[in-house]
Amino acid sequence: MKAVVLLSGGLDSYTAAAIARAQHFALHALTVHYGQRHAQEIDAARAVARALGVERHLELAVDLRGIGGSSLTSDQAVPHDRDVTAPLQEIPSTYVPARNTIFLSLALGWAEVLDARDIVIGVNALDYSGYPDCRPEFISAFESLAAVATRAGVEGARFRVHTPLIALSKAEIIRRGVQLDLDYGLTHSCYNPTAAGRPCGRCDSCLLRARGFMHAGIPDPLVMR
């Protein structure tokens, strides 16, 4: 079975891809250069793709900086030192408008060309920054769209978007990855890395990652390097 996997180079997409591999999918990895300020994740995606032994790693450039609306694609300050355990008051500025819709659309197009019917994405609706396109409602709606938006869909094929992490805590995700013998030192999570490429330790993604490793009772190999 073939699956198109959205691979960002982060902890979640790495784990989701490894779970799909353990389910005997042949992985076709897709990484998008979207003008993200944390472009170090592209190098991490390449390292992760090699570690996973993917069939092919496709990199596409879709520059979203012209659209704007996010601190990840502009000079707008990335939020630091937020309480990631507090109830969400508003969607943070790191939300990139329609990002997962765009990414899944690209994955869907490639899946149709590959004659694949499965797409894997590492979205999470528990320990996450509150993005609307990480929720089960969005995934379900996209599957319905795929059924009517593609030649394969109207001819009766069913596309499935796999979200193996969507209901897991970050600690549970990390424990699952450790069971799969993943090297999380290959990954990059920080939204606002230093000039040397090191994690800032203060953005939402860094804080959620640190909290996940702490609750999992496992040291973060990236921090130790």
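The structure this text deals with has already been given above.
Overview of the structure. For clarity, every value in this text was computed on a predicted model and none was experimentally measured.

## What to know about the environment of Ile 119
Reasoning step 1: Within the secondary structure, Ile 119 sits in strand S4 (residues 118–120).
Reasoning step 2: Taking the C-alpha atoms as reference points, Ile 119 and Thr 163, separated by 44 residues in sequence, lie 8.8 Å from one another.
Reasoning step 3: For Ile 119, the contacting residues outside a window of four places in its chain are Val 4, Leu 104, Ala 107, Leu 108, Ala 111, Arg 160, Val 161 and His 162.

## Here's the deal with the nonpolar core
Reasoning step 1: Val 4, Leu 6, Leu 30, Tyr 34, Leu 104, Ile 121 and Ile 139 are the most contacted members of the largest nonpolar core, which has 35 residues in total.
Reasoning step 2: Only strand S1 (2–6), strand S2 (26–33), helix H3 (99–114) and helix H4 (136–149) provide two or more residues apiece to this core.
Reasoning step 3: Here this core gets seven residues from one element, more than from any other, and that element is H3.
Reasoning step 4: Membership of the second largest hydrophobic core comes to 27 residues, among which are Ala 3, Tyr 14, Leu 165 and Phe 213.

## Regarding the pattern of salt bridges
Reasoning step 1: In total, this model carries nine salt bridges according to the counting rule given.
Reasoning step 2: A salt bridge links Arg 209 to Asp 220, with the shortest nitrogen-to-oxygen separation between them at 2.7 Å. Highlighted residues: Arg 209 in helix H7 (residues 204–216) and Asp 220 in the loop between H7 and helix H8 (221–224), separated in sequence by eleven residues. We note that Arg 209, like Asp 220, is buried.
Reasoning step 3: Connected through shared salt-bridge partners, Asp 43, Arg 46 and Glu 59 make up one network.

Conventions and cut-offs
Residues numbered from 1 in each chain as written. Predicted model: local features only at pLDDT ≥ 70, side-chain atom pairs only at ≥ 80, totals over all residues. Heavy atoms only, no water. Helix = DSSP H or I, 4+ residues; strand = E, 2+ residues; numbered from the N terminus. Contact = heavy atoms within 4.5 Å. Core = buried A, V, L, I, M, F, W, Y, C linked by side-chain atoms within 4.5 Å. Buried < 20%, exposed > 50% of the residue type's maximum accessible area, 1.4 Å probe, protein only. Salt bridge = Lys/Arg side-chain N within 4 Å of Asp/Glu carboxyl O.

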